[in-house]
Amino acid sequence: MAHARISMYLPPDINPTQAAIAYGCRALPKLNEELQSEDLLTRQKALMALCDLMHDPEHVYVAIDTGCLESLKALLKDNNDMVRIKTTEVLYIVATHNVGREGFLEHDVILALSYLLNDPQSACRKNLHLAFKHVAQLPSGAQGIVNSGLIPSLVWKLQREEEEIQGLLLDTLAACLMEDATEALGSHVVPFLKQKLLSTNDDIRSKAARTLIAVSIPLEGKNQVWQHDVIPILVHLLKDRVEEVQANAAGALMYATVTTQGKYAALDTEAIHPLLSLLGSSLSKARLNATKALTMLAEAPEGRRFLQSRVPVFRVLEDDTSEAVRRAAQIAVKVIEWKP
């Protein structure tokens, strides 16, 4: 005869590390209360549950409205490593949503996160930089990071972080410097990026060249790229084995060669030949950047004379699948064929 017994073990589908989530609209307010608990296990369980819930933008909206961001900001200072790691993970997931990025700006989360830039736990720092990368995708978010005064610290960290985190840093800097490169230029960003262009990591080289595009937009950036002898390295990268690196190097040269010094530095390192090779690239971005860089070089008499025999190549690009490339090719032909 069977006997009714109550097992002392949890059912197999129950996760003991997660908080029990209240039903419906009470779920997030209850979790917010648990985030503020003095009991370590309760805080940890609440954070585990939030990590799952924050993948839904509707839950993110409710969480912000409930005050969870303020509770999470407080937990960034928690003494427990796991609490800080899970808190930064929740925040990075929140930052993947537009409503979350806006919440970061409204609740000063950027500055609160910045206190963990030197956290001993690399997982904390990685989550932090993932959050910054996503926030920077919004122009207002990138400007928010600039306004927080963090650019010098991020540039400094570029030399000291693990390689994986360096890639995230470069993503953030590329977006932020498009908004304002002033502080970065005053923090030796060009010499640091010059070193990254020589990295054996394909992703780092590509992202460093892309960040140099943003750096080279203001005149001071163009001047520093020339002064720090970065142009020969960019010319070398036009022949890189990775097409994305080639495209970004051509983009950086496009801006750096606006000045007379930049033009002649590129001409002296024989940039024309590899740029012409990129006109046949499978990447429309590479074809576009190379066309524009060659147009800059054609403004110098020496460059114009050399390119006059290559006009048919640009004529072919006037039928390119990309409208931007077609327009750039038409402008290039006009500059090359211009007669004083």
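In the nomenclature of an unreviewed UniProt entry, the protein chain corresponds to Radial spoke head 14 homolog from the organism Acinonyx jubatus.

Participant: Would you mind going over the environment of Ala329 with me for this structure?
Facilitator: Counting through the fold element by element, Ala329 comes out in helix 23 (residues 323-337). Classification of Ala329 as buried rests on a relative accessible area of 0%. Along the sequence, Ala329 and Leu50 sit 279 residues apart, while their C-alpha atoms lie 52 Å from each other. Apart from residues lying up to four places away in sequence, Ala329 is in contact with Thr291, Phe314, Leu317 and Glu318.

Participant: What's the story with the nonpolar core in this structure? I'm lost.
Facilitator: Most often, soluble globular proteins have nonpolar side chains that are buried together. The biggest cluster of nonpolar side chains holds 107 residues, and the ones touching the most others in it are Met54, Phe104, Ile145 and Ile151. When neighbours within four sequence positions are excluded, Ile145 is seen to be in contact with Ile110, Phe132, Val135, Ala136, Leu150, Ile151, Leu154, Thr172 and Cys176.

Participant: Can you walk me through the UniProt feature "repeat: ARM" (unreviewed entry) in the protein chain in this structure?
Facilitator: Here, UniProt's "repeat: ARM" (unreviewed entry) annotation points to residues 229-271. Secondary structure content for residues 229-271 is 70% helix and 0% strand, and the end C-alpha separation is 14 Å.

Participant: Please clarify how the side chain of His97 should be interpreted in this entry.
Facilitator: Tracing the chain through its elements places His97 in the loop between helix 5 (81-94) and helix 6 (98-106). One polar contact links the side chain of His97 to the main-chain carbonyl oxygen of His55, over a distance of 3.5 Å. Once you skip the residues sitting within four places of it in the chain, His97 turns out to touch Met54, His55, Asp56, Pro57 and Val60.

Participant: How do you make sense of the side chain of Ser206 when you look at a structure like this?
Facilitator: Among the secondary structure elements, Ser206 is positioned in helix 14 (residues 202-215). The contacts of Ser206, once residues within four sequence positions are left out, are Glu244, Val245 and Asn248.

Participant: How should helix 6 be read in this particular structure?
Facilitator: Note that an α-helix has 3.6 residues per turn; residues three or four places apart therefore point the same way. Listed in full, the buried residues belonging to helix 6 are Gly100, Arg101, Gly103 and Phe104. Down the axis of helix 6, the smallest arc covering the buried residues is 155°, so these residues share one side. Of the surrounding secondary structure, the elements contacted by the buried residues of helix 6 are helix 3 (57-66), helix 4 (68-75), helix 5, helix 7 (109-114) and helix 8 (122-135).

Participant: Would you mind showing me how to read the environment of Thr295 here?
Facilitator: As for its placement among the helices and strands, Thr295 is situated in helix 20 (residues 284-297). With relative accessibility at 7%, the residue Thr295 sits in the buried group. Between the C-alpha atoms of Thr295 and Lys194, which are 101 residues apart in sequence, the distance is 24 Å. Thr295 has contacts with Ala328, Ile331, Ala332 and Val335, leaving out every residue within four places of it along the chain.

Participant: When you look at the packing of helix 13 (residues 189-197) against helix 14 in this model, what are you seeing that I'm missing?
Facilitator: The description of two helices packed together rests on the angle between their axes and the distance between the axes. In the contact formed by helix 13 and helix 14, the axes pass within 8 Å of each other and the chain directions differ by 150°. The orientation of helix 13 relative to helix 14 falls into the category roughly antiparallel. Seen from above, helix 13 lies across helix 14 with left-handed handedness. The segment helix 13 lies against helix 14, with Val189, Val190, Leu193, Lys196 and Leu197 engaging Ile204, Arg205, Ala208, Ala209, Thr211, Leu212 and Val215. For the contact of helix 13 with helix 14, the residue count by class is 9 nonpolar, 1 polar and 2 charged.

Rules of the game
Residues numbered from 1 in each chain as written. Predicted model: local features only at pLDDT ≥ 70, side-chain atom pairs only at ≥ 80, totals over all residues. Heavy atoms only, no water. Helix = DSSP H or I, 4+ residues; strand = E, 2+ residues; numbered from the N terminus. Buried < 20%, exposed > 50% of the residue type's maximum accessible area, 1.4 Å probe, protein only. Contact = heavy atoms within 4.5 Å. Core = buried A, V, L, I, M, F, W, Y, C linked by side-chain atoms within 4.5 Å. UniProt positions renumbered as here; feature names shortened; annotations may be inferred. Polar contact = N/O pair within 3.5 Å; in protein donor to acceptor, adjacent residues only side chain to side chain. Arc of directions from axis to C-beta. Axes fitted to C-alpha atoms, helices over the stretch in contact; angles between N-to-C directions. Parallel < 35°, antiparallel > 145°, perpendicular 65-115°, else oblique. Left-handed = near helix turned anticlockwise from the far one by under 90°. Nonpolar A, V, L, I, M, F, W, Y, C, P; charged D, E, K, R; others polar.

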